[in-house]
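Structural description and commentary
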Amino acid sequence: MFRSFFLTRRWWSWSILGTILILFTTWYRVQLDVQINDWFGSFYDLVQKALGSKGSVTLPQFWGQLSTFLHIAMIYVIVAVFVDFFVKHYIFRWRQAMNDYYIQYWERLRGIEGAAQRVQEDTMRFASIMEGLGVDLVRSVMTLAAFVPILWTLSDQITQLPIVGSIPHSLVWVSIGWAVFGTVVLAFTGILLPGLQFQNQRREAAYRKELVYGEDDAARAQQPVVTSLFQEVRRNYFRLFFHYLYFDVVKWSYLQVSVLVPLIALGPTVVAGVITLGVMQQISRAFDKVTESFQYLVYSWSTIVELISVYKRLRAFESQIHVVEVEGGALPART
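Residues numbered from 1 in each chain as written. Predicted model: local features only at pLDDT ≥ 70, side-chain atom pairs only at ≥ 80, totals over all residues. Heavy atoms only, no water.

**Points about helix H9 (residues 261–272)**
Let me state the cut-off plainly: Working definition: with a 1.4 Å probe on protein chains only, accessible area under 20% of the residue-type maximum means buried, over 50% means exposed, and in between means partly exposed. Numbering of helices and strands runs from the N terminus, with a helix taken as a DSSP run of H or I at least four residues long and a strand as a DSSP run of E at least two residues long. An arc is given here, and it is the one of the directions from the helix axis to the C-beta atoms. It only takes one pair of heavy atoms within 4.5 Å for two residues to be counted as in contact.
Those residues of H9 that fall on the buried side of the exposure criterion are Val-261, Pro-262, Ala-265, Leu-266 and Thr-269. Projected down its long axis, H9 shows its buried positions confined to an angular sector of 80 degrees, all on one face. Pointing more than 90 degrees away from the buried face of H9 are the exposed residues Ile-264 and Val-271. Buried residues along H9 sit in contact with helix H6 (170–189), helix H8 (223–258) and helix H10 (277–294). Where H9 terminates, the next one or two residues include Gly-273, which has phi positive at roughly 70 degrees.

Quick look at the structure:
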């Protein structure tokens, strides 16, 4: 899954240089996000000034603020579209590298159950999942690197937190604590999901295989057999649906409460009137960015479950490749 792309000379221009390009453009997008966060502060301070004192802000000043945002946003759109386009090509090359690696063993591995599905479907799913999870992970890490210092500084203006009182750099600790709490709770709640997803794919593969054999052999895919196989598929899906039911209850309840956390933390400071509307907007947005980044596992848990399932199947498939290498001798060299 990894060495075929990152440790093969043929793909170095994509795997090494492509990774560097993705990291750089992702970092640049985060810097644009920082500029937008600064803009929120100055814009809402301008709005507060205009609403508080008639004639204190001119219309050209107002349009100028909107123009600044439009300039930053257009650059952000261009960079985002380019990155997404490039990442799709990058991930497909990764899939192609895996496909080429597996295909060279095909004559010796074609008898393994589900070999065709491993090569065609699982490489495709692995690549598409890595596209989403990988880019989101890089963006989350870089967002933390950019916004934690901002939130750390802005937290100095927070007078106190409800119940616990005054804590230096309080919002950073609130953000970390809330994200860790959610991650632990959801990880515990969804602990059974990866295994169920793995079993689900095994039952789907067995059902599909029998139907494929039945296309060419009238003795295969008889009704009692396919009915029994489909009942296994049905039973596992229903178990999966049940476990996702309580998992989703916990997940969405946590995310909805997350909306209130920064407002609760800012409550005493807002009531005391020691910050402006612009600063409040900056703090709220920086808090959301930091918390969302720390909540990477929370937002991605369902996808991670699927990735674990695909990874386990491909690892099992690759273990057979290594057995074939030992028993069958050397195979064609890779370039």
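**Let's talk about the UniProt feature "transmembrane region" (unreviewed entry) in the protein**
Convention followed: UniProt positions are given in the numbering used here, feature names are shortened, and annotations may be inferred rather than shown by experiment.
Per the UniProt record, "transmembrane region" (unreviewed entry) is found at residues 12–30, 69–87, 133–152, 172–193 and 260–280. Regarding residues 172–193, the helix share stands at 86% and the strand share at 0%, and the terminal C-alpha atoms are separated by 31 Å.

**A few points about the nonpolar core**
Inclusion rule: In this description, a nonpolar core means a group of buried Ala, Val, Leu, Ile, Met, Phe, Trp, Tyr and Cys residues linked to one another through side-chain atoms lying within 4.5 Å.
Grouped together as the largest cluster of nonpolar side chains are 34 residues, with contacts concentrated most on Phe-147, Leu-151, Leu-171 and Ile-283. When residues of this core are traced back to their parent elements, those giving at least two are helix H2 (12–52), helix H5 (115–154), H6, helix H7 (193–216), H8, H9, H10 and helix H11 (296–328). The biggest single contributor to this core is H5, with seven residues. If sequence neighbours within four positions are ignored, Phe-147 has contacts with Val-30, Asp-33, Val-34, Asn-37, Arg-285, Ala-286, Lys-289 and Val-290.

**A few points about the packing of H6 against H10**
In helix packing, the relevant descriptors are the interaxial angle and the interaxial distance, both defined with respect to the helix axes. Formally: Orientation is described by axes fitted as lines to C-alpha atoms, over the contacting stretch for helices, and by angles from 0 to 180 degrees between their N-to-C directions. Each helix crossing is assigned a hand: it is left-handed if the near helix lies turned anticlockwise from the far helix by less than a right angle, otherwise right-handed if that turn is clockwise. Throughout this entry, Asp, Glu, Lys and Arg are counted as charged residues, while Ala, Val, Leu, Ile, Met, Phe, Trp, Tyr, Cys and Pro are counted as nonpolar. The remaining residues, Gly among them, count as polar.
Between H6 and H10, the least distance of the axes is 9 Å, while the angle of their chain directions is 35 degrees. Seen along the crossing, H6 lies across H10 with a hand that is right-handed. Side by side, H6 and H10 meet where Leu-171, Val-174, Ser-175, Ile-176, Trp-178, Ala-179 and Thr-183 of the first sit next to Ile-283, Phe-287, Val-290, Thr-291 and Phe-294 of the second. Across the contact of H6 with H10, the residue classes tally to nine nonpolar, three polar and no charged.

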